[in-house]
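Breakdown of the fold
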Amino acid sequence: MELQLQNLCKRYGTKYAVDNVSINLVPGLYGLLGANGAGKTTLMRMICGILKPTSGDIKLNGKPIEELGEQYYSQLGYMPQDFGFYPDFTAREFMLYIAAVKGLNKKEAKTRTENLLHMVNLSDVADKKIKSYSGGMKQRLGIAQAVLNNPSILILDEPTAGLDPKERVRFRNLISDLAKEKIVILSTHIVSDVSYIADTILMIKQGRLLLQESMDTVTNSIKGKVWEVLVSEQEANKYISSFSVVNLRHEDNMVRLRIVNETEPIIGAHTVEPSLEDLFLYYFGEEIQPERSNPNEDIN
Amino acid sequence: MKTLIKYEFLKILRKKSSIIIMSVSLLVTAFLFGLPVIQYQAYNKDGVIKGLDGISYEKRQYAQLSVVLTEEYIADTIREYQKLFENPENVGYDGNERFLIGDAYWNFVAPREKLLKVIATNYNKPGEYSGLNKLLEITTGVNFYKTRNEKIETLLNSSFLKLSEKQKEYWHSISSQVKTPFKYGYYEGWEIIITSFELLMFAILAICIVIAPVFAGEYQARTDAVILSGKYGKTKLITAKIASSFAFGILAFTLHIFLAFGLPLAAFGLDGWNLPIQIINTTIPYPFTFLQAVIINTGIIYLVLLAMISLTLLLSAKLKSSHLVLAVLVPVLFVPMFLSSNGITGAYNLILFLLPYRCTIPELNKYISYQFGSLVLDVLSVRAILYTVLTAIILPFARLGFKKHQVSA
C-alpha cells in the first residue's frame, strides 16, 4: 500500500497553507510536526478528502482518491483536531452511528464498539450522554471512532490535546498497537507525543515539507549543533534572548542551558547528543520563542 | 441504510429544541383550529347559544335543510320568503332596505340564512352584493341553474378576468362536470377547514426550523469532518439525512393535520363531506365535494411542504448555520402573506398564486389558470406540478451541497 501526495498545494487568496508537498507514504507511523498554523491540519484534511487541494494529486496505489471514492474512504480513519459530538447521543450510540457511516454491518459494529469502548476505558460510561463527558473522555471517544473500521490509513490530528500526562502515555501505547501494517499520520506540536513511537518524522513549516526522515536518523542533521553550558542566572537571561534555548535547569546558583546553534554559542559550551525536541526547536525556534520568554520557566 | 436513517431520525428527535418547537406548533395549531369551535355562536329568539351547545342547536336547525336544491324547491323557498313581506308586521326598514323581523325572521330566515344567501347571491351580477333583498326581485321563473351558467359565462368574458379563448374553453369544460341539482345540507366543519388552510403555514415553518440543522448542524457541531471522511459520508448518509427529514416532516405534518381537521370535525361532525362545494358559492367551477376539495388541497400542501423541506435542506447544506437557513426561509414562507393580488392574470398575480403561502389557500372560486401554448391548467394542477418539480430539482443540489462541502477553519 502506498499513499502518494504529489505537488499538493492549498491556497487561500495569496497565502499558501500547503505549498507543493510531495511525499510517498507506506505503512508505518509518521509523526507530523509543525508549529501551530504550519499547515498540518490543512494537509490532513486534504488527505481525508474533505478539503479540495488547489492543485496536486493524492493517490492510493496509483489511483486518485476521488476516483476511488467509497473504496478509499472505507480504508480511512480520521480523528480531526477539536471536533464535535452529538451531545444528546450516548457514546455507544455515537459509535454505532459512526460505524454505520463507515459501512460496518450491525454485528461487526456492535462487537467493534464494545471492544473499542473497553480499550479507551469508556465501557462504564458507554450509556451516558456525551454532553456529560470531560474533554479527555471525548478525546478518547474520538480515537475510538477513528479506528472503528480498522482503517489501513489512520489520520490523527493533534489527538493528545486535552489529555493528561497519564492518558497521553496510554494513548501513545494505544496508537503504537493500532499502527501495525497501517499508514498512520499523527500530527502534533508536542514532540514527546511522537518521539517514542514514530517510525518517520515529517516536519512542516509555513506549508512546506521541511524534512522527512526516519526516526533513527532524524537528529543527524543537527549533530554537533546542540550545546550545553553552565552559566550564572544573570547570563542565562542574556543568552535566552540571543539563542534557541531548548531547556534550562537550575543547579545551585547556576543555570544549565541547552542551546541549539550552528556554532559554539558561548565559550565553554560542549556538544551533546541531539534529541527530537532539539530538532523541533532548531526549525521552529523563532515561531515558538515568545512562549518561553520567562527565564525561570523550565520548558522541559 | 436503515441504521443510518434511524440515527438521523434520532438526531432530529433527541434535540430539546425539536420537542419544544413541535409542542408549541401543535398547541398553536390546536388553538387556531379550535378557536372556531370555542367562539361559535348560534342565535335564536332567546339570544346567543355559544360553543358546543350552539353547534348542536345549529345542527338541529339544519336537519330539515338536507334537501336537493331543485328548481321547484328554490322557487318555493323564494316564494315563501317573498310572501312573508306581504304582511307589514313582518317587515322592518332601516332607511336603505326592507328586511324581515320578528317571528318571520326567527322562524323562516334564521334557520336557513346561509341557504337564502347562496340562492340570492346566485342572482347577483359578478361583483354585486345586495343581500337577501335580491330574492324579492325574482318575479318570473326561478331558472336557478340557468342563471348560474349565465353568471359563469359573464364572469369568463369579463374584462377583469382577461381570459384567453383557450382558458374560457378550459373552464367551461371543468364547470360542465359540476352535477346539478346541488344537494344541500350541513357542512360547517368542512367550511372551517377550507377557509383555514393557510393557518397550516405555522406547522410548515416549525417543521423547517427543526429540519434546518440537518446539514448546517454538522458544520456548527464540527462533526462534518468525521462523517464526510466515512465510507458513506458523501453517499448513503446524505440519502439517509434526506429520507429522515422527509419522514419527520411528513409525520409531524400529519400530526398537525389530524389536530387541525380533527378538532372542527369532532365538534361540527363529518356532515357535508359528500356535498358539492358549490353550496358555498354557486360559481365555483371545480366539480368537487367538500371532502374531495379538502383532500386535493391537503395533497397540494403536502407537496409544498416537501418542496420547503427540500429548500431547507439545500440552504442547510450550503450555509454555515441553521440561523442563516431560517433567515432566508422565513421571508420565503411569510412575505407572500403581505402581498395581495389585483386580478388573476399578469406575471405578478400568476406568480403570487404559486408562492408557498398562497398555495395553501384553495382559491376555488377565482378561475385562476395558466396557459402554456395551447395547454391550459388550473391553479391547483400547476401548484401540484410545480412543487413536485421543485422538490425533484432542489434535492440533487442539496445532496451536492453537502457532498462538496469543504471542511475548513
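Residues numbered from 1 in each chain as written. Chains lettered and ligands numbered in written order. Predicted model: local features only at pLDDT ≥ 70, side-chain atom pairs only at ≥ 80, totals over all residues.

Our next topic: the overall build of chain A. When you go through chain A residue by residue, the secondary structure sums to 10 helices and 14 strands. Its C-alpha atoms give chain A a radius of gyration of 21 Å, near enough to 19 Å, the size a compact globule of 300 residues would have. Taken over the C-alpha atoms alone, chain A extends approximately 70 × 45 × 35 Å along its principal axes. When burial is assessed residue by residue, chain A has 44% of its 300 residues classed as buried. Counted over contacts in chain A with a minimum sequence separation of 6, partners at least 24 positions apart contribute 68%. (Helix = DSSP H or I, 4+ residues; strand = E, 2+ residues; numbered from the N terminus. Rg over C-alpha atoms; globule rule 2.2 N^0.38 Å. Buried ≥ 20, exposed ≤ 12 C-beta atoms within 10 Å, placed from the backbone. Contact = placed C-beta atoms within 7 Å.)

Next up on the list: helix 10 (residues 188–196) of chain B. Burial in helix 10 of chain B covers these residues: E188(B), G189(B), W190(B), I192(B) and I193(B). Packed against the buried residues of helix 10 of chain B are helix 2 (16–38), helix 3 (51–62), helix 14 (236–268) and helix 15 (290–318) of chain B.

Our focus in this paragraph is the pairing of strand 9 (residues 200–205) of chain A. Residues and elements named next belong to chain A. Across the six residues that make up strand 9, a large majority, five, are buried. Across four bridges, strand 3 (residues 28–33) lies against strand 9 in parallel orientation. Each residue of the ladder has a partner; that of L33, found in strand 9, is M203. The sheet contact formed by strand 9 and strand 10 (residues 208–214) spans six bridges and is antiparallel. Note that in strand 10 the partner of M203 across the bridge is L211. Turn length for the strand 9-strand 10 hairpin, with the two strands adjacent in sequence and antiparallel, is two residues, and the turn residue Q206 shows positive phi of about 45°. (Pairing = 2+ DSSP bridges.)

Here we take up the nonpolar core. Ranked by size, the top nonpolar core spans 200 residues in total, and within it M95(A) and I207(B) carry the most contacts. If you tally residues by element for this core, the top one is helix 15 of chain B, at 16 residues. Among all residues touching I207(B), those that are not within four sequence positions of it are G249(B), A252(B), F253(B), L305(B) and I309(B). (Core = buried A, V, L, I, M, F, W, Y, C linked by C-beta atoms within 7 Å.)

What follows covers the packing of helix 2 of chain B against helix 14 of chain B. Residues and elements named next belong to chain B. Two numbers describe how helix 2 lies on helix 14: the axes approach to 9 Å, and their chain directions differ by 20°. Accordingly, the angle class assigned to the pair helix 2 and helix 14 is roughly parallel. Crossing of helix 2 against helix 14: the hand is right-handed. Contact residues: helix 2 offers M22, S25, L26, T29, A30, F33, G34, P36 and V37, while helix 14 offers A252, L255, H256, L259, A260, L263, P264 and A267. (Axes fitted to C-alpha atoms, helices over the stretch in contact; angles between N-to-C directions. Parallel < 35°, antiparallel > 145°, perpendicular 65-115°, else oblique. Left-handed = near helix turned anticlockwise from the far one by under 90°.)

For the rest of this paragraph, the subject is the confidence of the model for chain A. In low-pLDDT regions, the fine details of the predicted coordinates are not to be read closely. Across chain A, pLDDT averages 84, with 95% of residues at or above 70. Here residues 289–300 of chain A is a poorly scored stretch, pLDDT under 50, and it has nine contacts once near neighbours within four places are set aside; other chains count. (pLDDT = per-residue confidence, 0-100.)

Taken together, the 26 residues of chain A in the interface contact 23 residues of chain B. Put simply, the parts of the chain that give the side of chain A that touches chain B at least two residues each are helix 3 (70–73), strand 6 (76–79) and helix 4 (91–101) of chain A. A class-by-class count of the residues in the side of chain A that touches chain B yields 14 nonpolar, five polar and seven charged. (Nonpolar A, V, L, I, M, F, W, Y, C, P; charged D, E, K, R; others polar.)

Residues and elements named next belong to chain A. Strand order across the open sheet formed by six strands is 6-7-8-3-9-10, with mixed pairing between neighbours. Unpaired on one side and paired on the other, strand 6 and strand 10 mark the two borders of the sheet. Between one strand and the next, the sheet's axes are offset by a mean angle of 15°, whatever the strand orientation. Relative to the sheet, helix 1 (residues 40–47) contacts strand 3, strand 7 (153–157), strand 8 (183–188) and strand 9, its axis offset from that of strand 7 by approximately 150°.

Turning to the pairing of strand 1 (residues 3–12) of chain A, a few remarks are in order. All names here are of chain A. Relative to strand 4 (residues 55–60), strand 1 runs antiparallel, the two being bridged by five bridges. Note on strand 4: the bridge partner recorded for L5 is I58. Sheet topology note: the strand 1/strand 2 (residues 15–25) ladder contains seven bridges and is antiparallel. Opposite R11, over in strand 2, you have Y16 as the bridge partner. In this structure, the hairpin formed by strand 1 and strand 2 is closed by a connection of two residues, where G13 is found at a positive phi of approximately 65°.

The omega angle of the peptide bond from T180(B) to P181(B) is -5°, so this bond is cis rather than trans. Here P181(B) lies in the loop between helix 9 (165–175) and helix 10. Phi is positive for N20(A), close to 55°, though the residue is something other than glycine. On the secondary structure map, N20(A) appears in strand 2. Not every positive phi belongs to a glycine, and K162(B) is a case in point at roughly 50°. Locating K162(B) in the fold gives a position in the loop between helix 8 (144–156) and helix 9. K162(B) gets classed as exposed once you count the C-beta atoms within 10 Å, which come to 11.

Here the focus is the sheet that holds strand 5 (residues 63–64) of chain A. All names here are of chain A. The four strands are arranged 2-1-4-5 in an open sheet whose pairing can be described as antiparallel. At either margin of the open sheet sits one strand with a lone partner, and together these are strand 2 and strand 5. Where strand 4 and strand 5 come together, two bridges link them in antiparallel fashion. Within the sheet, the bridge partner assigned to L60 lies in strand 5 and is K63. Running over the sheet, helix 1 touches strand 1, strand 2 and strand 4 and is turned about 55° from strand 2.

Another point: helix 14 of chain B. Residues and elements named next belong to chain B. For helix 14, spanning 33 residues, the distance from its first C-alpha to its last is 47 Å, which sits close to the expected 48 Å at 1.5 Å a residue. A maximum bend of about 30° is found in helix 14 at G262, where proline P264 lies one to four positions downstream. In the stretch just after helix 14, G269 is the one whose phi turns positive, near 90°. (Expected span 1.5 Å × (residues − 1). Bend = angle between axes of the 7 residues up to and from the residue.)

Before going further, it helps to spend a moment on the confidence of the model for chain B. All names here are of chain B. When pLDDT is averaged along chain B, the result is 90; 100% of the residues meet or exceed 70. The lowest-confidence element of chain B is helix 7 (residues 134–137), averaging 79 in pLDDT; the highest-confidence one is helix 15, averaging 96. Scoring the predicted complex yields pTM 0.85 and, for the interface, ipTM 0.80.

Residue and element names in this part refer to chain B. Here D76 is to be found in helix 4 (residues 71–84). Overall, D76 belongs to the exposed group, with 12 C-beta atoms counted inside 10 Å. In this structure, the C-alpha to C-alpha distance between D76 and V142, residues 66 residues apart in sequence, is 9.5 Å.

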